[in-house]
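Fold and geometry: a report
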Amino acid sequence: SYVESLRSASTASAWAETSLLRSDWSRKGAKLLLTHADGKVSMELETTVALLSGEWTLRLDRNGRRLKPIDDWSVVCWHDDDGVAYLELELEFEGAKVQRQALLAKEDRVLFLADALLADDPASWDYRATLSLASGSEFAAAVETREGTLTRSDNSGETTTVAAVVPLGLPEWRRPATDAGLERSDRELVSFAHFEGRRAYFPLFLDLKGARASSPLTWRRLTVGEQLRICDAETAVAYRVQVGWEQWIFYRSLAEAANRTFFGQNLVADFFAGQFDAEGIVNDLLSIEEGNEDEAEDAAE
């Protein structure tokens, strides 16, 4: 209806601890339902079919000892416009916190999920997060590279690709080996990493357009510069991903926000997401600067 066309299909409530990121009102649109009650984050991801369903877990070990949260997940940012729906949650630990992001690009039908670990002191860390596959959804890992696809089989046994899953924080090729990975274990997708330091970022890119998701894809970590120096991965990271002829770019500051450059972009932001148009120009999807997280107040209404 005309009234519905004026209303966003996405909504969030900090009080109800529930958020719905939705591309549009159609039944075939992309839908991500997230709840963050009782210290757990659960999700339901659907397009024309269910893709993921269950808890989005998190486990952190510091110097070989498991960390326990000192509070529940809380909403720190909610943003919804014609282009994207974006939710950011935060979980506090002793001497550390995790900021969990979910961004749905509505027209592009891509989903960006990420955890950012921000700690007070250097340590030896083990990170593990899982996403549960929905009933009937399967994960097929690529042989030579680190991405995979989500597939469904019909009654005749024919398999259809419904989404691509790209671990942006990992090298594209499986060689050389790293202390991190994305793999399937039983009915779960497992992201894991071992690293030394204070800060780290763990992003996943999901292409929810089934026809495009089966196209060739590639991704790269980009060089980020600040005052003519290259930033390390504890300061800021940026990634470019291409599926078929379409491309996107993502940036996250892990240290204090500063004026930095990457891939021709120059900005002061905590987080940035953009999409390349046909002329190769980056169009902003979302830019979050320090101090503008007050939109989270809207989610509490």
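Quick caveat, the model's predicted, so the values are computed rather than measured. (Residues numbered from 1 in each chain as written. Predicted model: local features only at pLDDT ≥ 70, side-chain atom pairs only at ≥ 80, totals over all residues. Heavy atoms only, no water.)

1. Some words on the sheet that holds strand β21 (residues 246–253)
Spatially, 5 strands are ordered β17-β20-β21-β24-β25 in an open sheet, and the strand pairing comes out antiparallel. If you trace the sheet from one side to the other, it starts and ends with β17 (217–222) and β25 (282–288), each paired once. Pairs of neighbouring strands in the sheet enclose a mean axial angle of 15 degrees, with direction left out of account. Direction of pairing for β17 relative to strand β20 (residues 236–243): antiparallel, over a ladder of 6 bridges. Within the sheet, the bridge partner assigned to Arg 220 lies in β20 and is Arg 240. (Pairing = 2+ DSSP bridges. Helix = DSSP H or I, 4+ residues; strand = E, 2+ residues; numbered from the N terminus. Axes fitted to C-alpha atoms, helices over the stretch in contact; angles between N-to-C directions.)

2. Brief notes about the layout of surface pockets
Counted as a void, the largest pocket has a volume near 710 Å³. If you go around the largest pocket, you meet 40 residues; those closest to its centre are Gly 169, Leu 170, Ala 180, Tyr 201 and Phe 202. The element that contributes the greatest number of residues to the lining of the largest pocket is strand β16 (residues 188–207), accounting for 13 residues. Looking at the lining of the largest pocket residue by residue, the classes come out as 27 nonpolar, 5 polar and 8 charged. (1 Å grid on protein atoms, 1.4 Å probe; cavity = no way out; pocket = protein on both sides within 12 Å on 5 of 7 lines; lining within 4 Å. Points joined across faces, edges and corners; volume = space filled by probe spheres on them. Nonpolar A, V, L, I, M, F, W, Y, C, P; charged D, E, K, R; others polar.)

3. So, the pairing of strand β22 (residues 259–262)
In summary, the side chains of a regular strand alternate between the two faces of the sheet. Burial of β22 is one-sided: the residues Arg 260 and Phe 262 facing one way are buried, the residues Asn 259 and Thr 261 facing the other way are not. In this structure, β22 lies alongside strand β23 (residues 265–268), joined through 4 bridges in antiparallel fashion. When the sheet's bridge partners are listed, Thr 261 is paired in β23 with Asn 266. Hairpin connection from β22 to β23: 2 residues lie between these consecutive antiparallel strands, with Phe 263 at a positive phi of about 50 degrees. (Buried < 20%, exposed > 50% of the residue type's maximum accessible area, 1.4 Å probe, protein only.)

4. Focus: empty space enclosed by the protein
On inspection of all chains with the given rule, the structure shows 1 cavity of 30 Å³ or more. Space inside the largest cavity adds up to approximately 30 Å³. The set of elements that each furnish at least two residues to the lining of the largest cavity consists of β9 (84–93) and β10 (96–105). Ranked by residues supplied to the lining of the largest cavity, first place goes to β10 with 3 residues. When its residues are assigned to classes, the lining of the largest cavity shows 6 nonpolar, 1 polar and 1 charged.

5. What about the packing of aromatic side chains?
Aromatic ring pairs are described here by two measures, namely the spacing of the ring centres and the angle between the planes. All chains considered together, the criterion is met by 11 aromatic pairs. Each ring, one from Phe 112 and one from Phe 271, has its centre 5.8 Å from the other, and the planes form 35 degrees; the classification is tilted. With a gap of 159 residues between them, Phe 112 in strand β11 (residues 110–132) and Phe 271 in strand β24 (residues 271–276) connect regions that are remote in the sequence. Pair check on accessibility: Phe 112 and Phe 271 agree, each one buried. Ring centres 4.8 Å apart and planes at 5 degrees place the aromatic pair Tyr 251 and Phe 262 in the stacked group. One end of the pair, Tyr 251, is in strand β21; the other, Phe 262, is in strand β22, and 11 residues separate them in sequence. The rings of Tyr 86, Phe 112, Phe 205, Trp 248, Phe 250 and Phe 271 are connected pair by pair, giving a single aromatic cluster. (Phe/Tyr/Trp six-rings, centres within 6.5 Å; stacked < 30°, edge-to-face > 60°.)

Spatial relationships are all this shows, so hold off on functional conclusions.
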